[in-house]
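Listed below are the residues making up each chain.
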Amino acid sequence: RVFRIGPMFWLMSAIFMAVEASGLPITYWPPLAISWPNVLATATFTHGLHPLTIGSIVPGGWSIADEMTFYVLLPLLVVALRSWTATVLALFAAVCLSMLMAALAHFGWLFPGLDRETVEPFVFLSFPNQFPAFLAGMLVFHLLCAFPGPVSRTMLRAGFVVAVVTMVAIPFVAEALRGELTHTSYVLPMVYAVPFALCTWCLAKGGGGLLVNSAIRYIGKISYSAYFWHFLVLGLLDHLLLFGPAMPGWLHFVAIFGAAVALSVGVSSITYRWVEVPMIRVGRQLAASLAGKRVAVAR
């Protein structure tokens, strides 16, 4: 996983620092806190452990820290969670852990030396708060293994539609409740995990065929690169498309969205071909070599 995730992440770390240092007017992110401790934390995927480092070098890099933390825990989770029932219990425990983190932040007991405006976003982005989403994915895997039988096409289509509509509705509902529930954002990863899991299960069972096509599969392949590049692309478009205020809001959105997708896919195709694929190949070769040595020793 290091060979899959690390090279592109490290390359983009250098690019974002160069853009930040250049002062180019294309930044689409808060000011980066570039320092040697922050660079070291980011390079070792430990930047997600502290509020002052979680977003210090790479915009959106918090998700990479959470992902790598999950991969460190994955061998233990595979051993411990061998059924869908065990995974459901773990999911419940993870939700409780997330709520505990939110309570500690609310009362100022988590990182008491820092202000709440710094700690509360960290709690939302940190691994404990995102952990339920990872476990929801593991739950889907176990459900597919435990119940491999066919499911009616009507049920799959209904489940898929419900999941998609729910995912679209969640941000609007959350925004409407923001004034009444001050910590709505904390529960978003947990709320999203349910319809995402349902959508994934329906797709795996053969529902939602409209989303399974060559274009979507290709975007999925290059999506890791696109995740990083889209920050720069949006900043560039925001600087270039100055005619936005003169356009209707919906038309401006369509223009930005279309241009962002096209540019992100284009540049991501290059880094996928020349950075990701070669490094993935090296990682697989290394893993195969180590596996071969273990087999030889066992014999």
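The rules behind these values
- Each residue is numbered by its place in its chain's sequence as written, counting from 1.
- Reporting of local features is limited, given that this is a predicted model, to residues whose pLDDT is at least 70; pairs of side-chain atoms are given and counted only at 80 or more, and all residues count toward the totals for whole chains, interfaces and linings.
- The basis for every side-chain value is the complete set of non-hydrogen atoms in the structure, without hydrogens or water.
- The axes are straight lines fitted to the C-alpha atoms, using for helices just the contacting stretch, and the angles between their N-to-C directions are given from 0 to 180°.
- The way it works is that DSSP assigns letters per residue, a run of H or I at least four long becomes a helix, a run of E at least two long becomes a strand, and they are numbered from the N terminus.
- Here the word oblique covers every angle except those under 35 degrees (roughly parallel), over 145 (roughly antiparallel) and from 65 to 115 (roughly perpendicular).
- Left-handed describes a crossing whose near helix is turned anticlockwise from the far helix through less than a right angle; right-handed describes the clockwise counterpart.
- Contacts are residue-level and defined by heavy atoms, with any inter-residue pair within 4.5 Å sufficient.
- Charged means Asp, Glu, Lys or Arg here, nonpolar means Ala, Val, Leu, Ile, Met, Phe, Trp, Tyr, Cys or Pro, and polar covers whatever is left, Gly included.
- What makes a salt bridge here is a side-chain nitrogen of Lys or Arg within 4 Å of a carboxyl oxygen of Asp or Glu, nothing more.
- Among buried residues, the Ala, Val, Leu, Ile, Met, Phe, Trp, Tyr and Cys ones that are joined through side-chain atoms within 4.5 Å form a nonpolar core.
- For every residue, the accessible area obtained with a 1.4 Å probe (protein chains only) is divided by the maximum for its type, and the residue is called buried under 20%, exposed over 50%, and partly exposed between those limits.

Q: Explain the packing of helix H1 (residues 2–22) against helix H3 (residues 62–80) residue by residue, including any values.
A: In the contact formed by H1 and H3, the axes pass within 12 Å of each other and the chain directions differ by 160°. Accordingly, the angle class assigned to the pair H1 and H3 is roughly antiparallel. For the crossing formed where H1 meets H3, the hand is left-handed. Counted together, Val2, Ile5 and Phe9 of H1 and Ile64, Glu67, Met68 and Tyr71 of H3 form the full contact between these two elements. A breakdown of the residues in the contact of H1 with H3 according to their chemical character gives 6 nonpolar, no polar and 1 charged.

Q: Hey, could you go over the pattern of salt bridges for me, with residue numbers and the actual values?
A: Per the counting criterion, the structure on display carries 2 salt bridges. Here Glu276 makes a salt bridge to Arg4, at a shortest N to O gap of 2.7 Å. Of this pair, Glu276 sits in helix H10 (residues 249–298) while Arg4 is found in helix H1, placing the two residues 272 residues apart along the sequence. We note a salt bridge from Arg116 to Glu120, for which the minimum N-O separation is 2.8 Å. A residue pair is termed a helical-turn pair when its members lie 3 or 4 positions apart in one helix, as Arg116 and Glu120 do in helix H5 (residues 116–125) at 4 residues.

Q: Help me get a handle on the nonpolar core, residues and values and all.
A: Among the nonpolar cores identified, the biggest contains 21 residues, and Phe16, Ile64, Phe228 and Leu232 are the most heavily contacted of them. Where this core is concerned, the elements lending two or more residues are H1, H3 and helix H9 (214–240). The greatest single-element share of this core, amounting to 6 residues, is contributed by H1. When sequence neighbours within four positions are dropped, the list of residues in contact with Phe16 reads Trp29, Leu32, Ile57, Val58, Pro59, Phe228, Phe231 and Leu232.

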